[in-house]
Amino acid sequence: PYILGADISWVQEDEANGSTYFDHGQQKDIFAILKQYDFNFIRLRVFVNPADSDGYAAHSKEAFCDMAHTLTMARRVHDARMGLLVDFHYSDTWADPGKQSKPLAWKNLDFPQLKQAVYDHTYAVLSALQAQGTTPQMVQIGNEVSNGMLWPDGHAPDHFDNFAELLKSGIAAARAVDPSIRIVLHTDKGRSNKATCAWLDQLIARGVSFNISALSCKS
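Asker: Hey, could you run me through the overall build of the protein chain in this one?
Answerer: Each helix and strand in the protein chain was counted, giving six helices and eight strands. Taken over the C-alpha trace, the protein chain has a radius of gyration of 17 Å; the compact-globule value for 219 residues is 17 Å, and the two agree within 12%. Principal-axis analysis of the C-alpha atoms gives the protein chain an extent of 55 × 40 × 35 Å. Burial statistics for the protein chain: of 219 residues in total, 48% are counted as buried. Considering only contacts within the protein chain whose residues lie at least 6 apart along the sequence, 75% involve residues at least 24 apart. In the form shown here, the protein chain has an accessible surface area of approximately 10300 Å², with 51% of it arising from carbon and sulfur atoms. Within the protein chain, the 25 negative side-chain charges are centred at a point lying 5 Å from the centre of the 20 positive side-chain charges.

Asker: It is not clear to me how empty space enclosed by the protein should be interpreted in this structure. Could you clarify?
Answerer: One pass over the full model with this rule turns up one cavity of 30 Å³ or more. Quantified by volume, the largest cavity comes out at close to 50 Å³. In terms of lining, the largest cavity is formed by Ser9, Gln12, Leu44, Arg45, Cys65, His69, Thr70 and Met73. Elements with a contribution of two residues or more to the lining of the largest cavity: strand 4 (41–46) and helix 3 (67–79). Considering every element that reaches the lining of the largest cavity, the biggest residue donor is helix 3, with three residues. A breakdown of the residues in the lining of the largest cavity according to their chemical character gives three nonpolar, four polar and one charged.

Asker: Honestly, the packing of aromatic side chains in this entry has me stumped. Any pointers?
Answerer: What characterises a pair of aromatic rings is the spacing of the ring centres plus the angle enclosed by the ring planes. All told, the structure shown has eight aromatic pairs when counted by the stated rule. Here the aromatic rings of Phe160 and Phe163 are separated by 5.4 Å at their centres, their planes lie at 75 degrees, and the arrangement is edge-to-face. Of this pair, Phe160 and Phe163 both sit in helix 5 (residues 160–177), three residues apart, which is roughly one turn of that helix. Members of the aromatic cluster, connected to one another through ring pairs, are Trp10, Phe47, Tyr56 and Trp94. A cation over an aromatic ring shows up here: Arg45 above the ring of Trp10, its NZ or CZ 4.3 Å from the ring centre. Over the ring of Tyr56 we find Arg45; its NZ or CZ atom is 5.3 Å from the centre of that ring.

Asker: Got a minute to help me understand the pairing of strand 5 (residues 83–88) in this structure?
Answerer: For a regular strand, side-chain orientation follows a simple rule: the groups alternate between the two sheet faces. Counting buried positions along strand 5 yields six of six residues, so the element is predominantly enclosed. Neither face of strand 5 is open: one carries Gly83, Leu85 and Asp87, the other Leu84, Val86 and Phe88, and all of them are buried. Bridging between strand 4 and strand 5 involves six bridges; their strand directions are parallel. Counted as the bridge partner of Arg45 is Asp87 from strand 5. As paired elements, strand 5 and strand 6 (residues 138–141) share four bridges and run parallel to each other. Paired with Asp87 across the strands is Gln140, a residue of strand 6. Following the backbone out of strand 5, through helix 4 (residues 111–131) and into the adjacent parallel strand 6, one traces a crossover that is right-handed.

Asker: Just to check I follow, could you spell out the pairing of strand 6 for this structure?
Answerer: Residues Met138 and Gln140 line one face of strand 6 and the alternating positions Val139 and Ile141 line the opposite face, and both faces are buried. Examined bridge by bridge, strand 6 and strand 7 (residues 182–187) share three bridges and lie parallel to one another. Across the sheet, residue Met138 finds its bridge partner in strand 7, namely Arg182. Following the backbone out of strand 6, through helix 5 and into the adjacent parallel strand 7, one traces a crossover that is right-handed.

Asker: Just checking my understanding: could you explain the sheet that holds strand 4 for this structure?
Answerer: Strands pair in a sheet through their backbones, by hydrogen bonds, and they do so in one of two ways: parallel or antiparallel. In space, the six strands of this open sheet follow the order 1-4-5-6-7-8, with parallel pairing throughout. The sheet is open, and its two edges are formed by strand 1 (5–7) and strand 8 (212–215), each paired on a single side. Sheet twist, expressed as the mean angle between neighbouring strand axes with direction ignored, is 25 degrees. Together, strand 4 and strand 5 form the strand contacts of helix 3, whose direction differs from that of strand 4 by roughly 175 degrees. Helix 6 (residues 193–205) rests against strand 7 and strand 8 of the sheet, and its axis sits at about 130 degrees to strand 7.

Criteria and thresholds
Residues numbered from 1 in each chain as written. Predicted model: local features only at pLDDT ≥ 70, side-chain atom pairs only at ≥ 80, totals over all residues. Heavy atoms only, no water. Helix = DSSP H or I, 4+ residues; strand = E, 2+ residues; numbered from the N terminus. Rg over C-alpha atoms; globule rule 2.2 N^0.38 Å. Buried < 20%, exposed > 50% of the residue type's maximum accessible area, 1.4 Å probe, protein only. Contact = heavy atoms within 4.5 Å. Areas by Shrake-Rupley, 256 points an atom, 1.4 Å probe, with all protein chains shown as cover. Lys, Arg positive; Asp, Glu negative; His and termini not counted. Charge placed at Lys NZ, Arg CZ, Asp CG, Glu CD. 1 Å grid on protein atoms, 1.4 Å probe; cavity = no way out; pocket = protein on both sides within 12 Å on 5 of 7 lines; lining within 4 Å. Points joined across faces, edges and corners; volume = space filled by probe spheres on them. Nonpolar A, V, L, I, M, F, W, Y, C, P; charged D, E, K, R; others polar. Phe/Tyr/Trp six-rings, centres within 6.5 Å; stacked < 30°, edge-to-face > 60°. Lys NZ or Arg CZ within 6 Å of the ring centre and 35° of its normal. Pairing = 2+ DSSP bridges. Right-handed = clockwise from strand over helix to strand, strands pointing away. Axes fitted to C-alpha atoms, helices over the stretch in contact; angles between N-to-C directions.

This is how it looks when you write it as structure tokens:
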């Protein structure tokens, strides 16, 4: 009847650095603790190549939050019998309203190639998850994409048509893997009903089809 979830994408990195988790003084697996307090869903973020020179894991010993690490975490989510939401950042590092940097490998692509890269990356990750029996129930196409994604090509409002096309590429890939996956669009304008509705209305007018609107309440 409800979803109570957490983004625990940091867990692999923390564990690799020696972290352990405790509840009331008793050491436990993080999933055991979350389930004890009725959490039933996990979100995992995915970067394109976090090990690249400007990537999230450029200075880490492992490429945390890449596809391989996500597959491993997804198995743990599945084994814990929890739901899974995969959050595509479409960048080598954090993507948010203030930055939506292209992955290094996509820097010189023209717009049709960029659309194809979004499709291919989305399809590759979700197909790999499906192949190991851990297809996510929900997929977030972009992270806090209030101002678009993959700048400058998909910057909003300057290139809103392009932004919508990029979203549609990711959505098409997700639905090609499994039509039952629920599509999430994510804005940070949750404090403003007017801004959120205007943003969604523009996407709907351009034929972007989705199931869930996700709101961060930053501004």
